[in-house]
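# Remarks on the overall topology
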Amino acid sequence: MALSTEATVRFAVSLILSVVGTLGNVCALVVVTKSPALRKRSNAFLVNLSFVDFLVTAVVMPMFLAQTYYQSWPSTYGSCQAFTYLFIACPGNSFLTALLFTLYCYVKITKSSVLFERLFSGYKVLVYLLCIWICSITFTILAELISAKIKYVDVYMYCFYEPHDHKSWVYFAVFSGIGGIVILAVPLAYNHIYRSVRCARQRIHAAPPADQQNTTQHGPCSRSVHSKEELRITKVALLVSCEVIITCLPGCINLMLQQAIPAAVPAWRYISILLLVKSAINRYLYGWINKHYMNAYRKVFAPCFRNSQPSENSDCVDNINNRSNDKVSETKQSS
């Protein structure tokens, strides 16, 4: 089947993103499993994001490639629905996880340790992530309950909700509007975090007298000390939030405007590619900004690239052992 230039480029880019993204997400999950130092509450968010992105790169993208190649849906209607549900549920899960990660850093940096332990102690983070998965599944079930139409859309070049169906538009407009409003709270939270960190650094440089260091303070300057680990986690959370805003906000605006602006319908075909790009490059960005991940990558995967040298050494050791055994046997025979 002859593909157009656009379809060929789309197929090649999607194939590269699928392979690179799947490899990166699998490596991230393996590193967390093999490295006890990464088994922390803050990394639970990154593990959840890695698993969601793995579903996108290993399951959604191959289906995406098949539709691009055949220029239609090559299988049953049920699998077309499954593709659409995954394509919607995975970004929704990433969106909610990024919001929870932002709240985690906000409370950890700007609030008291008592409040932080009350909200995020023990297995509460895992319970919150489980609730996010329930919300993502419920989000897709609601579309089925309102009888939103799913089919292969020629304009999108993949299975999705019918863009001209009024029920589908209302469904996406409501949730996209809520998501767009919630996204506005993320910059406000990080602004508060930045002010708290700046106040803490100013107090350190000011070096107040000892009798004034234990005075009670409120507002963004209520915390006096921020560890490097807290700041490192906040940087990663900020990166996650920026990615979510860059990839999800244009999609939210586009879905709300599709009924009013006809040109927004074909534009969704290119905006949706941002979701695939995010899932493919996330793990590499986390490894680049987080030194703990880089060190864990080196410890886990470095032995895989050193197999040739130990094998040669082991062969030499075997030869030496064989020669020593031959000499021992010769001495026994002579005696």
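Residues numbered from 1 in each chain as written. Predicted model: local features only at pLDDT ≥ 70, side-chain atom pairs only at ≥ 80, totals over all residues. Heavy atoms only, no water.

Attention now goes to the overall build of the protein. Scanning the protein from N- to C-terminus turns up 11 helices and two strands. Reading the secondary structure of the protein in the N-to-C direction produces α-α-α-α-α-β-β-α-α-α-α-α-α. (Helix = DSSP H or I, 4+ residues; strand = E, 2+ residues; numbered from the N terminus.)

This brings us to the state of the cysteines. Evaluated as defined, the whole model comprises one disulfide. In this model Cys 80 forms its disulfide with Cys 159; the gap between the sulfur atoms is 2.2 Å. Linking Cys 80 and Cys 159, the disulfide has an S-S dihedral of approximately -125° and is accordingly described as left-handed. Placement of Cys 80 in helix α3 (residues 77-110) and of Cys 159 in strand β2 (residues 158-161) is noted, with a sequence separation of 79 residues between them. (Disulfide = S-S within 2.5 Å.)

So, on to the confidence of the model for the protein. Residue-level pLDDT values for the protein average 79, and 79% of them are 70 or greater. When the criterion is pLDDT under 50, residues 308-321 qualifies, and its contacts beyond four places in sequence or with other chains add up to zero contacts. (pLDDT = per-residue confidence, 0-100. Contact = heavy atoms within 4.5 Å.)

Core analysis: the largest hydrophobic core is formed by 64 residues, its most contacted members being Phe 87, Phe 101 and Phe 160. If one sorts the elements of this core by residue count, α3 sits on top with 13 residues. Setting aside residues no more than four positions away along its own chain, Phe 101 makes contact with Ser 42, Phe 45, Leu 46, Ile 233, Val 236, Ala 237 and Val 240. (Core = buried A, V, L, I, M, F, W, Y, C linked by side-chain atoms within 4.5 Å. Buried < 20%, exposed > 50% of the residue type's maximum accessible area, 1.4 Å probe, protein only.)

Inspection of the entire model under this criterion finds 28 aromatic pairs. With 5.1 Å between their ring centres and 25° between their planes, Phe 139 and Tyr 171 make a pair best called stacked. You can see Phe 139 sitting in helix α5 (residues 124-145) and its partner Tyr 171 sitting in helix α6 (residues 166-183), a full 32 residues away along the chain. Tyr 171 shares its class with Phe 139; the two are buried. (Phe/Tyr/Trp six-rings, centres within 6.5 Å; stacked < 30°, edge-to-face > 60°.)

Inspection of the secondary structure puts Ala 148 in the loop between α5 and β1 (150-153). Take Ala 148: its relative accessible area is 10%, and that puts it in the buried class. Between the C-alpha atom of Ala 148 and that of Glu 162, which follows or precedes it by 14 residues, the distance is 7.8 Å. Here Ala 148 is in contact with Ala 143, Tyr 161, Asp 165 and Ser 168, once residues within four sequence places are set aside.

Pairing geometry for β1 and β2, over four bridges, is antiparallel. Looking at the pairing, Tyr 152 lines up with Cys 159 of β2. Connecting the antiparallel pair β1 and β2 is a turn made up of four residues, with Met 157 showing a positive phi of about 70°. (Pairing = 2+ DSSP bridges.)

Turning our attention to the side chain of Ser 79. Checked against the element boundaries, Ser 79 lands in helix α3. The class of Ser 79 is buried, set by a relative accessible area of 18%. In terms of polar contacts, Ser 79 uses its side chain to reach the side chain of Ser 75, at 3.2 Å. Separated by 2.7 Å, the side chain of Ser 79 and the backbone oxygen of Thr 76 make a polar contact. (Polar contact = N/O pair within 3.5 Å; in protein donor to acceptor, adjacent residues only side chain to side chain.)

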